[in-house]
Amino acid sequence: MSLVRRAVELAARLLPDRDPDPLLGRTDLVQGRALTRLDGPLKVTGQAPFTQDVTVPGLTHAAMVCATRPAGRIATIEVAEAEAAPGVLLVMTHRNAPPMKAPPLLITLKGASFTRAPVMQDDRIRWNGEPVAVVVAETAEQARHAAGLIQVGYAGNGPAPVVDFAAELGRARRAANVQGERTRIAKGDVGRARAAAEHVVDHLYRTPMHYNAAIEPHVTVARWDDADRLTVWDATQAVTHTQLTLAEVFGVPAGNVRVIAKFVGGAFGSKMIWSHQLLCAGAARLLGRPVRAVLTREEVFRVTGGRTPSEQRVTLAANTAGGLAALSHEGTTAIGIDDNGFAEQFTFPARNLYASDTLLVDQHVLELHMPANASMRAPGDSIGSFALECAIDELAERLGVDPVEFRTRLEPDRNPATGRPFSARHLPEALAHGADRFGWDRRDPVPRSTRRGEWWVGHGMAVCNYPYVRMPNGKAAITLRADGRAVVRTAAHEMGMGTATVQAQHAADRLGLPIGAVTFEYGDSAMPAGIPAGGSAQTASIIAAVTAAAGRLVKTLLDLAPGGSVLAGARPRDVELRDGGLYRRDGGPGLPYPALLHAAGRDEVTAEGTESLPLEMMKYSMQSFGAQFCQVRVSEVTGEIRVDRWLGVFDTGRVLNPTTAAGQFRGGIVMGLGQALTEEVAVDGRNGRIMNPSLAHYHVPVHADVPPIDVDWLGHPDPLAPMGGHGVGEIGITGVAAAIANAVHNAAGIRLRSLPMTPARVLPALIEAG
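Attention in this report is confined to the structure presented alongside it. In this text, all values refer to a predicted model and were calculated from it rather than measured experimentally.

Glancing now at the overall build of the chain. The helix and strand inventory of the chain stands at 19 helices and 28 strands. In summary, the chain has a C-alpha radius of gyration of 27 Å against a globular reference of 27 Å for 770 residues, a match within 12%. Judged by the C-alpha coordinates and their principal axes, the chain covers about 85 × 75 × 55 Å. Per-residue burial for the chain yields a buried fraction of 60% across its 770 residues. On the chain, roughly 28,200 Å² of surface is accessible, and the fraction owed to carbon and sulfur atoms is 52%. Taking the average place of the 77 positive charges on the side chains of the chain and the average place of its 79 negative ones, the gap between the two points comes to 3 Å.

Written out as structure tokens, the structure is:
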């Protein structure tokens with residue numbers, strides 16, 4: 001941890017907490033209402049503009065040629081036949097690509113890349129699927145045809161390929177850091193506590209590589225208007241940080257780069273910066289015409305990164321009296337060559353969830369010739385919760401304690417790893433409410449007790465957890481018009497989660513306007529800078545920025561107020577925005593917005609604000625919690641697992657829109673079903689080539705795989721979070737795989753510690769169990 005960060009954390013602990021938001025105490029807000037998505041009509045009528053729909057004069061089309069070796073160097077690359085093919089305008093390789101600097105990393109918040117690896121600047125191969133040539137033609141079909149004519153010869157001089165995660169674990173090294181946190185934390189002597197304990201659970205848990213598989217493939221359109229002015233339309237979840245990346249890579253001022261992303265068809269962490277955006281912009285610069293690059297589904301799997309494979313070891317020790325004497329969670333994840341070590345934080349649940357006399361967490365990384373490891377919904381926490389929650393369930397059974405009761409007993413007073421107080425934590429209440437709503441008391445705790453024909457039936461549960469995150473430096477602008485309407489603008493993202501709807505609700509409440517009088521504009525780097533849509537952080541950060549802008553708006557309106565008006569002499573703390581205007585507090589007099597602007601002779605007024613530093617995260621442990629419950633069936637004949645019903649109960653602070661929040665919770669659970677039962681990237685251990693790069697072979701859940709999903713939440717506001725709410729986009733996936741694995745044990749008496757839990761793994765375990 002840097003000295004600067006330590007100093008900021010110390011200062012945060014000494015500073016008083018912010019005053020509670022006055023809106024939190026009100027019951028007449030638009031926030032909290034189950035409004036339908038404001039962008040819904042655009043999407044269902046086909047009017048929502050996605051990047052694929054962008055067309056500009058002179059548009060050309062790019063196709064990639066990807067390496068078929070995991071390492072080595074390009075010895076020869078024959079492009080003459082492709083250059084002579086009909087419609088071809090440019091063939092770009094490392095020999096003629098424009099200079100491009102290494103892209104800045106996402107974790108620095110100065111860029112949006114997961115890797116600093118150079119893009120088409122040398123002849124080196126870093127993974128099987130790395131783009132080695134780009135063909136640009138008048139049509140997409142012509143570009144694809146010509147790309148197939150390029151012949152690449154490889155030389156083996158260079159590092160020997162490292163592609164088999166399981167076989168190469170001995171090469172792993174300790175991670176430099178884990179999302180900015182310490183890699184290793186040790187409290188007490190775990191080994192001694194384990195040796196003295198009466199009950200010990202000590203197992204390895206394995207998860208495979210996963211891919212985000214958003215329904216919209218990655219697509220970019222790039223146009224240079226002169227030598228140093230670039231406009232990019234991109235399917236990105238980091239508008240501002242894509243702008244910063246492109247400016248750095250091409251050596252132009254950030255103000256000369258504009259990035260537009262009005263609608264994005266799903267992302268789940270994958271739509272940051274990859275090589276295709278840089279290659280598209282580089283080709284457009286060489287050619288002098290706009291270029292569109294659309295990754296095929298296969299290329300999405302080859303060019304971009306996904307979730308790392310992992311091997312995790314969890315050790316738990318307890319005495320008959322209950323409580324944990326020791327909790328240890330260690331393991332290894334993969335990173336790509338030159339990707340600067342994005343280590344998935346699989347130990348975070350162990351750091352935050354349970355009280356234990358001793359604690360050890362530690363993470364290692366293994367460099368593989370693979371695409372850079374990237375973020376995929378709840379990176380680290382989702383796979384870490386699988387290992388930890390399976391082990392907790394097994395220890396509860398060893399002790400003869402109900403799994404819900406055992407987790408309740410382990411409730412800590414403070415964060416187990418940092419010692420910080422919790423800002424808000426209601427996990428025992430979520431457990432109790434979930435158990436009651438699900439009917440947990442009717443569960444038979446004895447495995448293999450219920451059978452219906454060929455199906456063993458069982459029930460399982462797990463705790464879910466995800467940190468509260470608020471990224472710094474988000475900005476927003478509010479424009480108030482003389483007709484009493486307002487426009488709120490920020491370079492945010494709409495990827496299907498309901499951003500525009502929730503932010504319009506908040507802005508309406510903040511400004512004291514009906515929601516129909518508020519427009520929320522987003523998706524353009526020409527607007528005030530936004531944060532990436534990741535870490536479940538966007539909602540809180542935008543709210544904080546809009547709140548800051550509203551504070552500046554108050555000052556501007558007071559300056560405009562006529563000298564003899566009821567607002568004369570008022571200071572910002574004396575007034576509030578309500579009832580369509582600026583009024584003195586406690587029901588005092590004021591002026592409507594149109595009257596204020598008319599008196600000042602203004603058609604509109606704009607105020608911009610920057611969110612405050614997220615000091616609350618440095619002073620308190622801020623987490624979201626919940627409990628996942630499910631009923632499953634396991635076929636004795638085929639080894640198939642079917643999930644019959646699901647309940648998730650969440651403690652995520654104030655829920656700002658029940659409709660959009662429920663969609664996020666359910667979406668996360670569905671993604672967890674895929675992680676548990678079907679999803680696995682198959683990698684050829686000889687050459688690192690992904691063998692199932694399509695939705696026909698990489699199996700995501702379909703409707704027939706998804707049971708009725710009931711979701712509920714406690715709704716207790718966290719007074720330290722903007723509007724009392726935490727992000728809800730990622731917590732839903734955590735705990736899902738563990739709940740299913742625990743239910744499978746209750747149903748069929750088998751413990752499965754590797755994902756996915758396919759028939760190929762289930763049947764041998766059933767046979768062994770007899």
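A few words now on helix α12 (residues 427–438). Taking 1.5 Å per residue as the helical rise, α12 with its 12 residues ought to reach 16 Å, and the 16 Å between its terminal C-alpha atoms agrees with that figure. Those residues of α12 that sit buried are L427, A430, L431, G434, A435 and F438. Along the long axis of α12, the arc covered by the buried residues comes to 125°, so they all point the same way. Turning to α12, the residues buried within the fold contact α11 (403–409), β18 (455–467), β26 (623–635) and β27 (641–651).

Before going further, it helps to examine the sheet that holds strand β28 (residues 709–713). One open sheet holds the five strands; their spatial order is β17-β18-β26-β27-β28, and the pairing between them is mixed. Only two strands of the sheet have a single neighbouring strand rather than two, namely β17 (451–452) and β28. Relative to β28, β27 runs parallel, the two being bridged by five bridges. Its bridge partner being in β28, L647 is matched across the sheet by D710. Sheet contacts for α12: β18, β26, β27 and β28; angle to β26, the most-contacted strand, approximately 30°.

Here we take up the state of the cysteines. With the rule as written, the count across this model stands at zero disulfides. C280 forms no disulfide, and the closest cysteine sulfur to it belongs to C66, at a distance of 14 Å. With no disulfide of its own, C390 lies closest to C630 among cysteine sulfurs, the gap being 11 Å.

Bringing the pattern of salt bridges into the picture now. Inspection of every chain in the model, using the stated rule, returns 43 salt bridges. Across the pair D362 and R174 runs a salt bridge, and its minimum N-O distance is 2.5 Å. You can see D362 sitting in strand β16 (residues 359–368) and its partner R174 sitting in strand β7 (residues 173–174), a full 188 residues away along the chain. Given a relative accessible area of 2%, D362 falls into the buried group. Here R174 falls in the partly exposed class, since its relative accessible area comes to 42%.

A separate point is the packing of aromatic side chains. Taken as a whole and assessed by the stated rule, the structure comprises 14 aromatic pairs. Judged by centre distance (5.8 Å) and plane angle (45°), the rings of F50 and F263 are tilted. Taken together, the positions of F50 in the loop between α2 (40–44) and β1 (60–66) and F263 in the loop between β12 (257–260) and α7 (275–287) put the pair 213 residues apart, joining distant regions of the chain. You can call F50 partly exposed: its relative accessible area is 23%. Note on F263: relative accessible area 4%, which makes it buried. Its guanidinium or amino end placed over the ring of F422, R425 lies 4.7 Å from that ring's centre, counting from NZ or CZ. Stacked on the ring of W455, the Lys or Arg R633 has its end atom at 4.4 Å from the ring centre.

Here we take up helix α15 (residues 593–600). The complete set of buried residues in α15 reads Y593, L596 and L597. Buried residues along α15 cover an arc of 90° about the axis, so they all sit on one side. G601 occupies a position one or two residues after α15 and carries a positive phi of about 70°.

With that settled, the discussion passes to unusual backbone geometry. Along the chain, L755 connects to P756 via a cis peptide bond; the corresponding omega equals -5°. Structurally, the position occupied by P756 is in the loop between α18 (736–748) and α19 (759–769). In this structure, A378 takes a positive phi of about 55° despite not being glycine. Position of A378 among the secondary structure elements: in the loop between β16 and α10 (381–399). One non-glycine residue, R448, lies in positive phi territory at about 55°. Examined against the element boundaries, R448 turns out to sit in the loop between α12 and β17.

The next thing to look at is the packing of helix α17 (residues 658–677) against α18. Closest axis-to-axis distance for the α17/α18 pair is 8 Å, and the angle between their directions is 55°. When the axis of α17 is compared with that of α18, the two are oblique. Handedness of the crossing formed by α17 with α18: right-handed. Here α17 contributes I669, G672, L673, Q675, A676 and L677 to the contact with α18, which in turn contributes V736, A737 and I740. A breakdown of the residues in the contact of α17 with α18 according to their chemical character gives seven nonpolar, two polar and no charged.

Checked against the element boundaries, N373 lands in the loop between β16 and α10. In this structure N373 comes out as buried when scored by relative accessible area, which is 0%. A distance of 3.0 Å separates a polar atom in the side chain of N373 from the backbone nitrogen of T308.

In terms of residue burial, β18 counts as a mostly covered element, since 13 of its 13 residues are buried. Side chains of β18 alternate between two faces, with W455, V457, H459, M461, V463, N465 and P467 and W456, G458, G460, A462, C464 and Y466 buried alike. One ladder, built from two bridges, connects β17 with β18; its direction is antiparallel. Residue R451 lies in a different strand from β18, and its bridge partner there is W456. From the end of β17 to the start of β18, which pair antiparallel, there are two residues, and G453 there has a positive phi angle of about 65°. Sheet analysis places β18 next to β26, joined by 13 bridges and oriented antiparallel.

This part covers the pairing of β1. Remember that side chains alternate between the two faces of the sheet whenever the strand is regular. Buried residues dominate β1, accounting for seven of its seven residues. Residues T60, A62, M64 and C66 of β1 are buried on one face, and the alternating residues H61, A63 and V65, pointing to the opposite face, are buried as well. Summarising the sheet, β1 and strand β13 (residues 291–294) pair through three bridges and their orientation is parallel. Within β13, the residue paired with A62 across the bridge is A293.

Rules used throughout
- Residues numbered from 1 in each chain as written.
- Predicted model: local features only at pLDDT ≥ 70, side-chain atom pairs only at ≥ 80, totals over all residues.
- Heavy atoms only, no water.
- Helix = DSSP H or I, 4+ residues; strand = E, 2+ residues; numbered from the N terminus.
- Rg over C-alpha atoms; globule rule 2.2 N^0.38 Å.
- Buried < 20%, exposed > 50% of the residue type's maximum accessible area, 1.4 Å probe, protein only.
- Areas by Shrake-Rupley, 256 points an atom, 1.4 Å probe, with all protein chains shown as cover.
- Lys, Arg positive; Asp, Glu negative; His and termini not counted.
- Charge placed at Lys NZ, Arg CZ, Asp CG, Glu CD.
- Expected span 1.5 Å × (residues − 1).
- Arc of directions from axis to C-beta.
- Contact = heavy atoms within 4.5 Å.
- Pairing = 2+ DSSP bridges.
- Axes fitted to C-alpha atoms, helices over the stretch in contact; angles between N-to-C directions.
- Disulfide = S-S within 2.5 Å.
- Salt bridge = Lys/Arg side-chain N within 4 Å of Asp/Glu carboxyl O.
- Phe/Tyr/Trp six-rings, centres within 6.5 Å; stacked < 30°, edge-to-face > 60°.
- Lys NZ or Arg CZ within 6 Å of the ring centre and 35° of its normal.
- Parallel < 35°, antiparallel > 145°, perpendicular 65-115°, else oblique.
- Left-handed = near helix turned anticlockwise from the far one by under 90°.
- Nonpolar A, V, L, I, M, F, W, Y, C, P; charged D, E, K, R; others polar.
- Polar contact = N/O pair within 3.5 Å; in protein donor to acceptor, adjacent residues only side chain to side chain.

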